[in-house]
Amino acid sequence: MKFPMRKTVFLATAILARCLFGGAFTVVSPGGATADYDTLAAARNACVQGGETIVFNQDVAESIGANFTIAVPNLTIDLNSHTLTIPAGQFFQPLNGADGLTFANGSIVSGETLLFLQGGSENVGTITFRDCRVDAVCIAYASYGTVDMYDSTVCGRLVLSQGCASGFTFNAYDCVLAPFQSATDGAGGIATGASANFFGGYSNFDPQAWVPAGYAAIAESHTVDGCACTYAVYREGSVPDTVQLISSDGTATNGYTSLGAAVSALAGGETLRLLVDIDIVEAISISHPAVTFDLDGHTLAKRVAGDFFVLDNNASGFTLRNGSAYTYNSLFNTVCAVSGLGEVYLEDLSITGQCVIYGTYGTFHLAGVVAATDYFVSQGCSAQVAVCFESGVVAPAISPTDNQQNTMYTPANVSVSGGSFTFDPSAWLADGCYAEAVQETVSGIACSYSVFSAGGDLDVASVVSSDGAAEIGYTTFAAAMESIRPGETLKLLRNWTVADDDYTLALDFGVSITVDLNGFTLSNTSGNFITLSSGAEVAFVNGSISQQNAGSVFILQNPGCSVVVSNCTVRGYCLVWGDQAGSVSLADSDTVLSYTASCNGNTTLDISGGAHYMSAFHDGAAGAATGTAICIAGGRYRLNPFSDPLVSVADGYCVKREDYSAGVLSYGYSVIASGNLSDCEARIGAMHYGTLEGAVAEALDGDSVVLLKNRSSAVRIASPADLSNVRRIALDLGGNTISAGGSMFWIEPGYAFSVSNGSFRATAGMSEVFVLFSDLSVDSSVSFARDAGVEGSLVNIPSGDISVYIDGADIDIGHLFNANWSGTLARFTGETVYRGGSILYPQSPVPQSGALEISGGWWAADPSQYVTAQDLRVRDYGENYAGAGKVLRYRVEGATDGFIVIVK
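What counts and what doesn't
Residues numbered from 1 in each chain as written. Predicted model: local features only at pLDDT ≥ 70, side-chain atom pairs only at ≥ 80, totals over all residues. Heavy atoms only, no water. Helix = DSSP H or I, 4+ residues; strand = E, 2+ residues; numbered from the N terminus. Buried < 20%, exposed > 50% of the residue type's maximum accessible area, 1.4 Å probe, protein only. Contact = heavy atoms within 4.5 Å. Areas by Shrake-Rupley, 256 points an atom, 1.4 Å probe, with all protein chains shown as cover. 1 Å grid on protein atoms, 1.4 Å probe; cavity = no way out; pocket = protein on both sides within 12 Å on 5 of 7 lines; lining within 4 Å. Points joined across faces, edges and corners; volume = space filled by probe spheres on them. Nonpolar A, V, L, I, M, F, W, Y, C, P; charged D, E, K, R; others polar. pLDDT = per-residue confidence, 0-100. Core = buried A, V, L, I, M, F, W, Y, C linked by side-chain atoms within 4.5 Å. Polar contact = N/O pair within 3.5 Å; in protein donor to acceptor, adjacent residues only side chain to side chain. Phe/Tyr/Trp six-rings, centres within 6.5 Å; stacked < 30°, edge-to-face > 60°. Lys NZ or Arg CZ within 6 Å of the ring centre and 35° of its normal. Pairing = 2+ DSSP bridges. Salt bridge = Lys/Arg side-chain N within 4 Å of Asp/Glu carboxyl O.

Colleague: Explain the overall build of the chain here, please?
Modeller: When helices and strands are tallied, the chain shows seven helices and 77 strands. Scored against the burial criterion, the 904 residues of the chain give a buried share of 51%. Across the chain, contacts joining residues at least 24 apart in sequence account for 54% of those joining residues at least 6 apart. Approximately 36,000 Å² of the chain is accessible, and the part contributed by carbon and sulfur atoms is 48%.

Colleague: How should I be thinking about empty space enclosed by the protein in this particular structure?
Modeller: Here the idea is plain: a probe the size of a water molecule rolls over the atoms and shows the empty space left. By the definition in use, this model includes three cavities of 30 Å³ or more. Counting only elements with at least two residues in the lining of the largest cavity, the list comes to strand 34 (433-442) and strand 44 (537-547). Considering each element in turn, the lining of the largest cavity owes the most residues, three residues, to strand 34. Looking at the lining of the largest cavity residue by residue, the class counts come to one nonpolar, four polar and two charged.

Colleague: Any chance you could explain the confidence of the model for the chain here in plain terms?
Modeller: A low pLDDT score tells you not to read the predicted coordinates there in detail. On average, residues of the chain score 82 in pLDDT, and 84% of them reach the 70 mark or higher. A low-confidence stretch, residues 183-187 (pLDDT under 50), is modelled with eight contacts involving residues beyond four sequence positions or located in other chains. Segment residues 621-625: pLDDT under 50, and seven contacts once partners within four positions in sequence are set aside and those in other chains are kept.

Colleague: Sorry if this is basic, but what is going on with the environment of A587 here?
Modeller: Summarising the element assignment, A587 is placed in strand 47 (residues 582-587). Expressed as a C-alpha distance, the spacing of A587 and C568, which sit 19 residues apart in the sequence, is 8.4 Å. In this structure A587 touches V565, S566, N567 and S608, once residues within four positions along its chain are discounted.

Colleague: Teacher, can you tell me more about the nonpolar core here?
Modeller: Generally speaking, nonpolar side chains in soluble globular proteins are found buried as a group. If you look at the biggest cluster of nonpolar residues, it comprises 103 residues, and the most contacted ones within it are L692, V705, F745, F760, F770, F784 and L794. The element best represented in this core is strand 46 (residues 561-578), accounting for seven residues. Setting aside chain neighbours within four positions, we find F770 in contact with F745, I747, F760, L776, F784, L794, V795 and N796. F25, V72, V154 and C175 belong to the second largest nonpolar core, which has 57 residues in total.

Colleague: I keep staring at unusual backbone geometry and nothing clicks. Help me out?
Modeller: Across the chain, the bulk of peptide bonds are trans and the bulk of non-glycine residues have phi less than zero. Positive phi, normally seen in glycine, also occurs at D174, with a value near 50°. Summarising the element assignment, D174 is placed in strand 15 (residues 169-177). Notably, D348 is not glycine yet its phi reads approximately 50°, a positive angle. Checked against the element boundaries, D348 lands in strand 28 (residues 343-358). Residue class for D348 comes out partly exposed when judged on its relative accessible area of 46%.

Colleague: What should I look at first to understand the side chain of H298 in this one?
Modeller: Among the secondary structure elements, H298 is positioned in the loop between strand 24 (292-294) and strand 25 (299-302). Within the local environment of H298, its side chain forms a polar contact with the backbone oxygen of L275, the two atoms lying 3.1 Å apart. If near-sequence neighbours (up to four positions away) are discounted, H298 is found in contact with L274, L275, V276, D277, N322, G323 and S324.

Colleague: Explain the packing of aromatic side chains to me, please; I cannot follow it from the model alone.
Modeller: One pair of aromatic rings is described through two measures. These are the centre distance and the angle between the planes. Here the structure, examined in full by the defined rule, presents 36 aromatic pairs. Here the aromatic rings of F421 and F423 are separated by 5.8 Å at their centres, their planes lie at 75°, and the arrangement is edge-to-face. Measuring from ring centre to ring centre gives 5.8 Å for F452 and F520, while their planes differ by 70°; the resulting arrangement is edge-to-face. Here F520 lies in the loop between strand 41 (512-516) and strand 42 (521-524) and F452 lies in strand 35 (residues 445-453), a separation of 68 residues in the sequence. Ring pairing ties together the aromatic residues F293, F308, F309, F318, F332 and F364, which thus form one cluster. One cation-aromatic arrangement involves R44 over F68; the distance from NZ or CZ to the ring centre is 4.3 Å.

Colleague: Teacher, can you tell me more about the pairing of strand 49 (residues 604-608) here?
Modeller: For a regular strand, the rule is simple: side chains alternate between the two faces of the sheet. Taking every second residue as pointing to the same face, the buried face of strand 49 carries L605 and I607, while none of T604, D606 and S608 on the other face is buried. Here strand 47 pairs with strand 49 via five bridges, running parallel. Within strand 49, the position partnered with V584 by the bridge is L605. Relative to strand 51 (residues 629-632), strand 49 runs parallel, the two being bridged by four bridges. Residue pairing for strand 51: D606 is matched across the bridge by C631.

Colleague: How should I be thinking about the side chain of T26 in this particular structure?
Modeller: Position of T26 among the secondary structure elements: in strand 1 (residues 25-28). Within polar-contact distance, the side chain of T26 engages the side chain of D36 at 2.9 Å.

Colleague: Please explain the pairing of strand 47 as it appears in this structure.
Modeller: When strand 46 meets strand 47, the two strands line up parallel, connected through six bridges. Each bridged residue has a counterpart across the sheet, and for V564 the counterpart in strand 47 is S585.

Colleague: For this particular structure, what's the right way to read the pattern of salt bridges?
Modeller: A side chain with one charge may pair with a side chain of the opposite charge, provided their charged atoms come close. Taken as a whole and judged by the stated rule, the model has 16 salt bridges. With a shortest N-O distance of 3.2 Å, D659 and R657 are connected by a salt bridge. Exposure remark for R657: the relative accessible area of 21% places this residue in the partly exposed category. Here R891 ties to E893 by a salt bridge, and the two come within 3.6 Å at their closest N and O atoms. Classification of E893 as buried rests on a relative accessible area of 13%. Ionic contacts of the salt-bridge type, sharing partners, join the residues R273, D294, R321 and E347 into one network.

Colleague: Explain the environment of A581 here, please?
Modeller: Relative to the helices and strands, A581 resides in the loop between strand 46 and strand 47. Along the sequence, A581 and T603 sit 22 residues apart, while their C-alpha atoms lie 4.9 Å from each other. If sequence neighbours within four positions are ignored, A581 has contacts with N558, P559, G560, C561 and N602.

Colleague: Is there a simple way to explain the environment of P87 in this structure?
Modeller: The residue P87 is located in the loop between strand 7 (83-86) and strand 8 (92-94) in this model. The partly exposed category is assigned to P87, whose relative accessible area is 35%. Considering only alpha carbons, one finds P87 and G65, 22 residues apart in sequence, at a separation of 8.9 Å.

This is how it looks when you write it as structure tokens:
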């Protein structure tokens, strides 16, 4: 069940006000009149009759003073989807007469208690929160009044202060209460001195003490509004089922609102299916045979100390399957059982926590189990416990090199017949099984060993005839290779390590064979790996090649050698080395290498697809100068393919910068078909980027960044890590438009931008196009437009000595410069010039002399006070002159005899 978060709708005049007014706050009177204010205090002071609404027009971080008092009734503070941030030590204090105060539709972040209801607040009445998120020390420190909270989220240190008294009442309706104060320190975050009622919602603590009659608190796991909650509060009669109990013959299904009720109804043979994630506090005792717990993809967790499942001698055939389990202690405890406990099955489970099995009796079968626990089998297990691990992953947190018994204790009888491990499981192998050292990631865990069944004849490989009709097995890889003939396929039957220092495929010139790794790993432990001593053609497919030393995987010893690697993973130091002409091809294969190539001959390497993690494409400067020519047509790469002069990108492909992780490896570049670059927003040369910000972050001084498509969100260019040298970036908009409300283009220190070839369009809520901490120039191919009814400014410079050059661009926006600066234009030491173009309705602030210079253009307002050059004048063309489609009046032009410079 999800509790709906309703959006409160206030006066239409309030909505209209925040569209038409540009101040931080708009006050809407009960009669509909509106006024704009720059501070919350000024807006508050304008509310004198009661019933007003203060509408936020932007996010606000404001000092409101040690106690922000409110004394008028029925005042509404409509955050309008914005955030109010208040410094520590400052809070709201509603006074007598402030009954009906409402906070709505947004977020409040405070380093202090939000509401102070003490002296002067005896008759404050009711304060309401609707559709709010509150991140504060606590909601209230109160002795009087009532706070009603609807459809809101509390995520602070406490919900209510311990200083709250019994004369104060807090009511939460369909809310999320997620304080991070310890429940033992703050009673779950709700102080006991106040009267609190929890009428539906979610919490990250047990809210039972505050659930009123007619409601019930259920232990459930939910993530709501980004808060991890462990309890839900429902109205009685509407509590949803959390568990289904399916009869042994499958004909009857009953729902239960709690896990305990379902367990109590067990008679034997049933399947208990989870419908939600569930956290338990008490142990689950099973005393009936053939019971199945089907987690159905959910998580069953016990995050407090004590037993999890306790099985007795009647619980034989118990099965736990299909989901995740978290255990604070051991998942299974059979200490209380007698010798009659039989088989227990764990299937397709992910288990995290301390220990899987702690027991005295029973046989445990594990298949498809991923156990990332401190221990797998506990030291407390007796010799009458048998553990059979068939498949999955065992990854104990305690290193087996410290104490091997810390992973699978004796005297328990542990038998391993399959799976992957982070340690050597050889001491526990079942008969007929063997362990191989590997380096692979299984279920997100880096494993170093795998266990396999050897089979009856222990064959390592077989050779399949060219027509597929005959297959002969061999006990060594070398024996299979010695017998292979042209056109045949060597098929690996299990993981195999080649012990020879340099394994040579002694094939005749022109011979073509296939090595089908068949899902297994072929590895070596020393020297180089596979040498082609003739012009043979060898294809490796479907498996892993692992070189465990500092040699090369493929040695091309004779001219004409050809290697094709398809659908494989290759690990090692270097992929290919040779001094003869040859070719290597990687198709849909992954590599983890120090280097791709270290060749002195005319070797070519073609890569199509796969993920490639390497320290460099070529080994050293000599390799970069004379080594293998690499051509790429697809795939992901840790390195930029353009970083190596011998690496080329195939025709029809482009490089895209991205951040992508596969297991523990990360890749920064993709080579993809040019037609698949529709999600790229910018490029530098042939390098493409998902976002304009990403391109600028990697741009070097003098680079040109090209926007590839229209953008409908604000841009924020963060400072580079190195601020010692300014990066001069040419931003080519590519004929596209950037449109947004608020601050459209925020440029932090470290850049000097030159912008060309496109347009900016201000949309609803526009405050300025550019917020500058760096220099800016704009040429005549750029236009700045605004939608009707939107106030906006071209440039805001909060601080610093910034030069702004506007050369012939077409400007159709409310103000040239932001009139709401805390300082004046005298902050500029550089030149600010407007040459040519046009501007509509400029309402520029009055700067100090010389801070703003205008030397051309058509203007809607008289720019005379900014024209300082002696050879320029302002000419008044009258009220009705129209130029460039705009209603304009003034023009800055060269002075000639007979004209008068008009200065108003």
